[in-house]
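Residues per chain are reported as follows:
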Amino acid sequence: MGVNGATRDIVFARGGWIPSVVHEDGELKLMLGAGADANHEPRTFTFPISEAHVTVIRDDLARHLLLWSAVLPLCDAAGTRGRLDEDAAVALLDPVLLAPPGDVDALFRRIPWERSRLVAHGADLGLLERGRVCEAMRAATEAPNEKRAQEHHANRRRAERGVVLGPLDTGVLRYTGQYLHGATIPRRLPEAVDPALLPQVMHVIATAEQACAGMRIGLDPRRGNRGTDKRDWDAMAATVEAAVRRAHPGLAADAVRTVSFLMCSEAAARSRNAPVEGDDAAPDEGAGKTALSFTDDKGGEKTWRRDGTRTASAEFWRFVADRSAGDNEVFTIEDEEMGEGIQLHFYADSIARITTVRPGEAGSDPQYRVEYRLVDGIGGYRELVSAFVRGGYAALDRHGPWVSDVAEFERSRRRR
């Protein structure tokens with residue numbers, strides 16, 4: 001049964017996604033699945049063909065595949081809900097299925113066509129590149145090799161960027177699992193590398209490991225619960241890439257980059273999977289704050305008390321990770337009993353420390369001293385939060401300079 005109750009019988013099919021010939025409501029049609037609808041379900045297209053076309057499709061796998069390759073761009077043009085241009089599809093039948101090979105080659109130089117389908121089904125890549133599509137499909141296979149098509153596509157993308165890979169470059173990219181997709185999270189896949197090449201690949205990896213030994217990539221709660229410190233990442237990447245280039249000057253940039261990506265990804269994963277510890281962990285029994293309140297710019301609030309479960313720093317940074325967003329970048333830690341606090345301005349890379357000079361009395365407003373300083377990355381914020389948690393407003397004196405003049409501070413911030 002076909003769409004909208006139409007009767008549809010299979011006349012000829014090769015299996016998989018290769019288009020089938022069907023008999024629908026008294027008419028021969030070619031049916032193929034391509035693209036997806038708005039619900040991400042595969043779309044099915046049909047268009048009329050003749051008995052002569054069916055004969056060629058049945059007897060000549062190469063012509064069948066070439067027709068599929070030529071029709072797929074029309075299916076893509078239909079999008080998620082548009083109609084197939086049947087006239088354009090029908091107009092391809094005679095030129096692809098019935099014309100001499102030279103005319104077919106000439107046609108494929110004029111029309112868009114889907115290369116990956118031909119590659120997956122065994123096309124000779126050299127002949128395909130030279131535009132001899134009919135000859136390229138002489139060894140076509142009915143069963144597809146999708147990995148072959150993916151590798152060909154990846155190589156074409158690299159060629160468009162002017163990248164030429166040597167054997168060692170290829171081995172390194174296969175080791176990290178990034179040969180096909182450069183955006184894939186890298187892994188260690190020694191089984192994917194030619195055994196004869198694996199020792200050289202492992203030498204490259206060892207060079208990278210030695211270069212970044214002892215380095216770490218910390219978490220950055222401003223980027224969420226799994227966010228990492230971009231400065232740490234960039235520093236490790238630069239260190240690894242410089243070392244690998246010195247030791248292996250012939251490596252392509254893609255190979256060097258994938259090794260640094262592997263080292264950084266693994267370091268970031270170690271930080272994400274490590275137990276959460278505050279920067280003020282294990283203070284002296286009598287040191288540090290005993291109760292603090294955390295607030296943000298969106299009305300969020302949390303109270304911390306020293307009860308032995310989590311440190312103030314750890315609890316505050318968890319609060320930041322849970323609440324931080326592009327429109328929520330101001331966070332405050334306050335010791336209400338002492339009348340002092342700090343306010344972190346992530347959008348401005350700055351912090352303010354605040355203390356009460358005179359409490360409000362007889363209906364008057366309290367007076368505060370507010371001082372500012374610039375902050376250098378998440379590491380700088382962690383250091384200042386830890387200092388405040390341990391010793392309050394006064395403990396921040398040695399972390400200056402602090403500026404009380406707002407205009408002067410803004411000039412300093414703009415200069416940086």
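Residues numbered from 1 in each chain as written. Predicted model: local features only at pLDDT ≥ 70, side-chain atom pairs only at ≥ 80, totals over all residues. Heavy atoms only, no water.

Draft legend 1. Examining the overall build of the chain more closely. Along its length, the chain carries 15 helices and ten strands. Whereas a compact globule of 416 residues would reach a radius of gyration of roughly 22 Å, the chain reaches 32 Å, over 25% beyond that. With respect to the three principal axes, the spread of C-alpha positions in the chain is 100 × 55 × 45 Å. Evaluated residue by residue, the chain yields a buried proportion of 44% over its 416 residues. Look at the contacts in the chain between residues 6 or more apart in sequence, and 56% of them connect residues 24 or more apart. (Helix = DSSP H or I, 4+ residues; strand = E, 2+ residues; numbered from the N terminus. Rg over C-alpha atoms; globule rule 2.2 N^0.38 Å. Buried < 20%, exposed > 50% of the residue type's maximum accessible area, 1.4 Å probe, protein only. Contact = heavy atoms within 4.5 Å.)

Draft legend 2. Spatial organisation of unusual backbone geometry. In this model, glycine 400 is joined to proline 401 through a cis peptide bond whose omega is 5 degrees. By secondary structure assignment, the location of proline 401 is in the loop between helix H14 (377-391) and helix H15 (406-415). Backbone geometry at aspartate 25 places phi at a positive 50 degrees, although glycine is not the residue there. Summarising the element assignment, aspartate 25 is placed in the loop between strand E2 (20-24) and strand E3 (27-36). Among the residues examined, aspartate 25 registers a relative accessible area of 57% and is labelled exposed. Its identity as a non-glycine residue notwithstanding, histidine 40 has a phi of 65 degrees, on the positive side.

Draft legend 3. Highlighting the packing of helix H10 (residues 198-211) against helix H11 (residues 230-247). Relative to each other, H10 and H11 sit at 135 degrees, their axes nearing to 9 Å. By the angle class used here, H10 and H11 are oblique. Crossing of H10 over H11 shows right-handed handedness. Facing Val204, Thr207, Ala208 and Ala211 of H10, the residues of H11 in contact are Thr239, Val240, Ala243, Val244 and Ala247. (Axes fitted to C-alpha atoms, helices over the stretch in contact; angles between N-to-C directions. Parallel < 35°, antiparallel > 145°, perpendicular 65-115°, else oblique. Left-handed = near helix turned anticlockwise from the far one by under 90°.)

Draft legend 4. Structural detail: a negative patch on the surface. A contiguous patch of negative charge on the surface is contributed by Asp25, Glu27, Asp85, Glu86 and Asp87. Locating aspartate 85 in the fold gives a position in the loop between helix H2 (61-78) and helix H3 (86-98). A relative accessible area of 43% places aspartate 85 in the partly exposed class. (Patch = residues over 30% accessible without salt bridge, like charges linked within 9 Å, V, L, I, M, F, W, Y side chains within 5 Å. Areas by Shrake-Rupley, 256 points an atom, 1.4 Å probe, with all protein chains shown as cover. Salt bridge = Lys/Arg side-chain N within 4 Å of Asp/Glu carboxyl O. Lys, Arg positive; Asp, Glu negative; His and termini not counted. Charge placed at Lys NZ, Arg CZ, Asp CG, Glu CD.)

Draft legend 5. Layout of the sheet that holds strand E6 (residues 301-305). Pairing within the open sheet is antiparallel, and its six strands lie in the order E6-E5-E7-E8-E9-E10. The open sheet has two free edges, formed respectively by E6 and strand E10 (367-374), since each of these has just one partner strand. This sheet shows a mean twist of 20 degrees between the axes of neighbouring strands, independent of strand direction. Summarising the sheet, strand E5 (residues 291-296) and strand E7 (residues 330-335) pair through four bridges and their orientation is antiparallel. When the sheet's bridge partners are listed, threonine 295 is paired in E7 with threonine 332. Docked against the sheet, H14 engages E5, E7, strand E8 (340-345), strand E9 (350-358) and E10, running at close to 170 degrees with respect to E8. Lying over the sheet, H15 contacts E9 and E10, oriented at roughly 15 degrees with respect to E10. (Pairing = 2+ DSSP bridges.)

Draft legend 6. Inspection of the sheet that holds E2 at higher detail. Here we have four strands laid out as an open sheet, ordered E1-E2-E3-E4, and antiparallel in their pairing. Two strands in the sheet have a free side with no partner beyond their single neighbour: strand E1 (8-12) and strand E4 (42-48). Within the sheet, the average angular offset between the axes of one strand and its neighbour, ignoring direction, is 40 degrees. The sheet contact formed by E1 and E2 spans four bridges and is antiparallel. Considered in E2, the bridge of phenylalanine 12 is made with valine 21. Contacts from H2 reach E1, E3 and E4 within the one sheet, and its direction differs from that of E3 by about 60 degrees.

Draft legend 7. Examining the side chain of serine 350 more closely. In this fold, serine 350 is placed in strand E9. Those residues in contact with serine 350 that sit more than four places away from it in its chain are Gln343, Leu344, His345, Arg373, Leu374, Val375, Tyr381 and Phe409.

Draft legend 8. Representation of the pattern of salt bridges in the model. All chains considered together, the criterion is met by 26 salt bridges. Across the salt bridge formed by arginine 323 and aspartate 296, the nearest N and O atoms sit 2.5 Å from each other. Note that arginine 323 is positioned in helix H13 (residues 312-323) and aspartate 296 in strand E5, a separation of 27 residues in sequence. Through salt bridges with shared partners, one network takes in Arg8, Glu24 and Lys29.

Draft legend 9. Structural detail: helix H1 (residues 51-59). Of all the positions in H1, only His53, Val54, Val56 and Ile57 are classed as buried. For H1, the angular spread of buried residues about the axis comes to 165 degrees, placing them on one side. Exposed and facing more than 90 degrees away from the buried side of H1 are Glu51 and Asp59. Of the surrounding elements, those touching the buried residues of H1 are E1, E2, E3, H2 and H3. (Arc of directions from axis to C-beta.)

Draft legend 10. Summary view of the packing of aromatic side chains. In this structure the tally under the stated criterion is nine aromatic pairs. With centroids separated by 5.0 Å and ring planes inclined at 65 degrees, the aromatic side chains of phenylalanine 316 and tryptophan 317 adopt a geometry described as edge-to-face. For phenylalanine 316, a relative accessible area of 0% translates into the label buried. Here the aromatic rings of tyrosine 372 and phenylalanine 409 are separated by 5.3 Å at their centres, their planes lie at 25 degrees, and the arrangement is stacked. Linking tyrosine 372 in strand E10 with phenylalanine 409 in helix H15, this pair joins segments that are 37 residues apart in sequence. Of the two residues, tyrosine 372 and phenylalanine 409, both sit in the buried class. Put simply, the rings of Phe294, Phe316, Trp317, Phe319, Phe331, Phe346 and Tyr381 touch in pairs and so form one group of aromatic residues. Seen from the ring of phenylalanine 346, arginine 222 lies directly overhead, with NZ or CZ sitting 5.8 Å from the centre. (Phe/Tyr/Trp six-rings, centres within 6.5 Å; stacked < 30°, edge-to-face > 60°. Lys NZ or Arg CZ within 6 Å of the ring centre and 35° of its normal.)

Shape descriptors only; they carry no functional weight alone.
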